[in-house]
Amino acid sequence: MQTATPAKDEACALNGSIEAWVEDECTASVFKDLRLKRRFVALLSSIARTVGGSIPFACQDWANTKAAYRFLSNERVSEADILAGHFNATRDRFAAADGLALVLHDTTEFSYQRENTDAIGVTKAINSGRDKAGRLRAHTVCGILMHSSLVVTLSGLPLGLAAIKFWTRKKFKGTRALKRKVNPTRVPIEEKESYRWLENVRQSTDLLADPGRCVHIGDRESDIYELFCAAQDVGTHFLVRTCVDRLADDGMRTVSDAMKEVTLKGIHRIEVRDDKGEADVAELEIRYARIRVLPPIGKQKRYPALDLVVIHASERGAPKNRKPINWKLLTDMPVSSRKEAIEKLDWYAMRWKIETFHKILKSGCRAEDARLRTAERLTNLIALYSIVSWRVFWITMLARVAPQAPATVALSELEIQLLEKMIKDAGKPVGRKTLGTYLIKLARLGGYLARASDPPPGNMVIWRGLSRLADIQLGAAITTESCG
């Protein structure tokens, strides 16, 4: 089994200042006009300095704001153009690291309030309660869907995005109503929205150009037999949580029937939080076995049977204030010991990091507060926000996985000097300029108290600290110019 790169080496793959970071992310960007690239670089720098601010707030004056709106609405600009440089930088960071990397896949929705939904589209239908006659009412939600693929190391450091797909629906069709008319297992995967899972697996694998080092992680929505075959075709690996009890062996029983005959392989204790946020310990019973898994009956002529490893982790007892843990995982990777099974459980637990990335997009960059009127403009803006959100997430995780790395990995020399002046260490002499020391100072700018009992700073205080530091840096520059 390959091992992860030391965290310090992972950290050294980037430069510290915003200017250097923007240059790294934009070097490989190619637009149809050189002026479009210059505007892209300027807009990315402005948004990175004002995380969570509106476009007028980031641009500061009408001329730059109008130029930003023109860039986002330009027909010659697409989300692919905006993300191309970042994808290339992700590939470079992946190549600089050693060992396996996890590619986390997930879908999220961006909702917008618009009187006319035609220019954007809809995402789903929700229950609006009952009318005066007692009849159920429903209305469609205006918005955009995004399926993203985030590359992280085994130590949890996000290396960047490897694929993103945006789409909207002009008309919402209920899944349950559709199933009454059509057997979904007989519909070709290319005609379903779930085809995005296969597209992102292929795109991210091609981008990273080392399929044997990639392990694609997905939740129960990714339990798609065609995805397993697609991963095998390109020579990459997968680890997904299942929701379908598929046929196994000779087709006379299911996977769950086969797993009932598997003996207990061991107990694994993990720390969890209940619904009230209180710490708890869960005891998981671990079972695993290699089983021959069959495709759906309607697709057995098109897809082969696969020999896969099934891992079940079920919690003992009935915990209070939370649902019991019951994970059923499926992977093509070998599992021959309790240790390797626990390793796969830890990898799947990393999937939460892409949820955190989406939270930064919505809560930090406030992507759902945008007032742009068309889906094309919104996707261009969300693509920009995605690059900035990754940087905030990267800085937050860097403080945890590589606290002893040089501070210049994430901050410029000027930013370090400003943090030293703004955040004092209660009379203690400043030691070596480690990353952990100065990211704590950065978090304190964002409201982090840094008490002994406090957990490591999260994304919220980091993005607030970055925004405040950018303002302080601007004030310092003005003072230097006016005072000499």
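Residues numbered from 1 in each chain as written. Predicted model: local features only at pLDDT ≥ 70, side-chain atom pairs only at ≥ 80, totals over all residues. Heavy atoms only, no water.

Should their charged atoms come close, side chains of opposite charge can pair. Within the structure shown, the criterion is met by 24 salt bridges. With its nearest N and O atoms 2.8 Å apart, the salt bridge here joins Arg35 to Asp33. The shortest N-O distance in the salt bridge between Arg302 and Glu190 comes to 3.1 Å. Placement of Arg302 in the loop between strand 10 (279-293) and strand 11 (306-315) and of Glu190 in the loop between helix 7 (175-179) and helix 8 (195-208) is noted, with a sequence separation of 112 residues between them. Taking the relative accessible area as the measure of exposure, Arg302 reaches 51% and is therefore exposed. Judged by relative accessible area, Glu190 falls into the partly exposed class, the value being 39%. Several salt bridges share partner residues, and in doing so they unite Arg269, Glu283, Glu285, Arg287 and Arg316 into one network. (Salt bridge = Lys/Arg side-chain N within 4 Å of Asp/Glu carboxyl O. Helix = DSSP H or I, 4+ residues; strand = E, 2+ residues; numbered from the N terminus. Buried < 20%, exposed > 50% of the residue type's maximum accessible area, 1.4 Å probe, protein only.)

This paragraph deals with the confidence of the model for the protein chain. Residues of the protein chain with pLDDT of at least 70 account for 89%, and the chain-wide mean is 87. A low-confidence stretch, residues 1-15 stays under pLDDT 50, and its non-local contacts, those more than four residues away or across chains, total 42 contacts. (pLDDT = per-residue confidence, 0-100. Contact = heavy atoms within 4.5 Å.)

Quick look at the side chain of His358 now. One can find His358 in helix 12 (residues 352-364). What makes His358 buried here is its relative accessible area of 4%.

Enumeration over the complete set of coordinates arrives at seven aromatic pairs. A centroid spacing of 5.9 Å and a plane angle of 65° characterise the contact between Tyr225 and Phe228, whose relative ring orientation is edge-to-face. Here Tyr225 pairs with Phe228, and both are found in helix 9 (residues 225-234), just three residues apart, close to one helical turn. Exposure class is identical for Tyr225 and Phe228. Each is buried. (Phe/Tyr/Trp six-rings, centres within 6.5 Å; stacked < 30°, edge-to-face > 60°.)

Here we take up the packing of helix 12 against helix 13 (residues 375-401). Helix 13 packs onto helix 12 with a crossing angle of 120° between their chain directions and a minimal axis gap of 9 Å. As the angle between them shows, helix 12 and helix 13 are arranged oblique. Crossing of helix 12 against helix 13: the hand is right-handed. Of the residues in helix 13, those touching helix 12 at Lys353, Thr356, Phe357, Ile360 and Leu361 are Ile382, Tyr385, Ser386, Ser389, Trp390, Val392, Phe393 and Met397. Within the contact of helix 12 with helix 13, the residues separate by chemical class into nine nonpolar, three polar and one charged. (Axes fitted to C-alpha atoms, helices over the stretch in contact; angles between N-to-C directions. Parallel < 35°, antiparallel > 145°, perpendicular 65-115°, else oblique. Left-handed = near helix turned anticlockwise from the far one by under 90°. Nonpolar A, V, L, I, M, F, W, Y, C, P; charged D, E, K, R; others polar.)

Turning next to the nonpolar core. One finds Trp21, Phe40, Leu44, Phe71, Ile82, Leu102 and Leu384 to be the most contacted residues of the largest nonpolar core, which totals 116 residues. Looking at which element gives the most residues to this core, the answer is helix 13, with 17 residues. Not counting residues up to four positions away in its chain, the partners in contact with Leu384 are Phe40, Leu43, Leu44, Ile47, Phe71, Leu72 and Ile82. Counting residues in each nonpolar core, the second largest holds 26 residues, with Ala231, Ala248, Ala258 and Val262 among its members. (Core = buried A, V, L, I, M, F, W, Y, C linked by side-chain atoms within 4.5 Å.)

Looking now at the side chain of Asp81. Structurally, the position occupied by Asp81 is in helix 6 (residues 79-96). Here Asp81 is buried and forms no salt bridge, its nearest opposite-charge partner Lys32 lying at an N-O distance of 4.1 Å. (Lys, Arg positive; Asp, Glu negative; His and termini not counted.)

Turning to unusual backbone geometry, a few remarks are in order. Positioned with a positive phi, Ala209 is a non-glycine residue whose angle comes to about 60°. Tracing the sequence through the fold places Ala209 in the loop between helix 8 and strand 5 (214-218). Of the residues examined, Ala209 reaches a relative accessible area of 60% and is grouped as exposed. Non-glycine residue Ala450 carries a positive phi angle of around 60°. Mapped onto the elements of the fold, Ala450 is located in the loop between helix 15 (435-445) and helix 16 (459-483).

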